Amino acid sequence: PEVAEGFLKRLAGLIGEHGGLLIGADLRKEPKVMKAAYDDSEGVTSEFNINLLKRINNELGGNFDISKFHHEARWNDSLGRMESYLVSDADQVVEIDGRSFEFKAGEDIHTENSHKYSLEQFADLANRTGWQVEKVWTDPKEYFSVQYLSTK
């Protein structure tokens, strides 16, 4: 939330008076809907997340055994976000650039946060950062919004 607030404040300052911004905001929806999107049956999100370990191996000289980790998506209701994790399936030690990292079975690496907003929450964020919501478009299910903001 602090990063989003800082980002919108900086944009308002750069754009200045009478400026506008078209921005997308993912909206809160039933946790089962979000879980299905972040833990999709085709494994796209899992592969995206696992790719982090592949990149560490390829670019930083790591030795992650990719087969000993799995992707997990979790809804954090109190923080209003989907969280992605890579979870170790076994006790193991991984080396990266000469440093060792020990993982216990079930221990996770928190890799991503994807914040979700109600329309009211996003309007409040906009108002706190020098913007006001002028127009909102959503899909029929109100899963996602595109919003036109103007500087105050």
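See the structure printed just above.
*Asks:* Quick one: what's the story with the layout of surface pockets, residue by residue and with numbers?
*Replies:* In this structure, the largest pocket encloses a volume near 210 Å³. Contributing to the lining of the largest pocket are Pro-1, Arg-28, Ser-78, Leu-79, Gly-80, His-115, Lys-116, Tyr-117, Gln-121, Asp-124, Leu-125 and Arg-128. When residues in the lining of the largest pocket are grouped by element, the largest group, four residues, is from helix H4 (residues 119-128). Residues belonging to the lining of the largest pocket are distributed by class as follows: four nonpolar, four polar and four charged. In this structure, the second largest pocket spans a volume of roughly 150 Å³. Lining the second largest pocket we find Pro-1, Ala-4, Phe-7, Leu-8, Ile-23, Gly-24, Ala-25, Asp-26, His-115, Tyr-117, Phe-122 and Leu-125. Of all the elements in the fold, those that place two or more residues in the lining of the second largest pocket are helix H1 (2-15), strand S1 (20-26) and H4. No other element matches the four residues that S1 contributes to the lining of the second largest pocket. Each residue belonging to the lining of the second largest pocket can be placed in one class, and the counts come to nine nonpolar, two polar and one charged.

*Asks:* Can you lay out the sheet that holds S1 for me, pointing to particular residues and giving the numbers?
*Replies:* Overall, antiparallel pairing links the three strands, which are arranged S1-S8-S7 in an open sheet. A strand with exactly one partner marks an edge of an open sheet, and here the two such strands are S1 and strand S7 (131-138). Within this sheet the neighbouring strands show an average axis-to-axis angle of 25°, counted without direction. Sheet topology note: the S1/strand S8 (residues 144-151) ladder contains seven bridges and is antiparallel. Paired with Asp-26 across the bridge in S8 is Phe-144.

*Asks:* Give a detailed account of the packing of aromatic side chains, specifying residues and quantitative values.
*Replies:* Under the definition given, this model contains four aromatic pairs. An angle of 80° between the planes, with centres 5.4 Å apart, marks the rings of Tyr-117 and Phe-122 as edge-to-face. Judged by its relative accessible area of 18%, Tyr-117 falls in the buried class. Here Phe-122 falls in the buried class, since its relative accessible area comes to 4%. Ring pairing ties together the aromatic residues Phe-64, Phe-69 and Phe-103, which thus form one cluster. Looking at Arg-74, its charged tip hangs above the ring of Tyr-85, at a distance of 3.8 Å from the centre.

*Asks:* Any details on the pattern of salt bridges? Residues and values, ideally.
*Replies:* Evaluated as defined, the whole model comprises 13 salt bridges. Of the charged contacts in the structure, one is a salt bridge between Arg-128 and Glu-5, with a shortest N-O distance of 3.0 Å. Note that Arg-128 is positioned in helix H4 and Glu-5 in helix H1, a separation of 123 residues in sequence. Assessed through its relative accessible area of 41%, Arg-128 is described here as partly exposed. On the basis of relative accessibility, which here comes to 22%, the residue Glu-5 falls in the partly exposed class. Look at the salt bridges and you will find they share partners, linking Glu-5, Lys-9, Asp-124 and Arg-128 into a network.

Cut-offs applied
- Residues numbered from 1 in each chain as written.
- Predicted model: local features only at pLDDT ≥ 70, side-chain atom pairs only at ≥ 80, totals over all residues.
- Heavy atoms only, no water.
- 1 Å grid on protein atoms, 1.4 Å probe; cavity = no way out; pocket = protein on both sides within 12 Å on 5 of 7 lines; lining within 4 Å.
- Points joined across faces, edges and corners; volume = space filled by probe spheres on them.
- Helix = DSSP H or I, 4+ residues; strand = E, 2+ residues; numbered from the N terminus.
- Nonpolar A, V, L, I, M, F, W, Y, C, P; charged D, E, K, R; others polar.
- Pairing = 2+ DSSP bridges.
- Axes fitted to C-alpha atoms, helices over the stretch in contact; angles between N-to-C directions.
- Phe/Tyr/Trp six-rings, centres within 6.5 Å; stacked < 30°, edge-to-face > 60°.
- Buried < 20%, exposed > 50% of the residue type's maximum accessible area, 1.4 Å probe, protein only.
- Lys NZ or Arg CZ within 6 Å of the ring centre and 35° of its normal.
- Salt bridge = Lys/Arg side-chain N within 4 Å of Asp/Glu carboxyl O.

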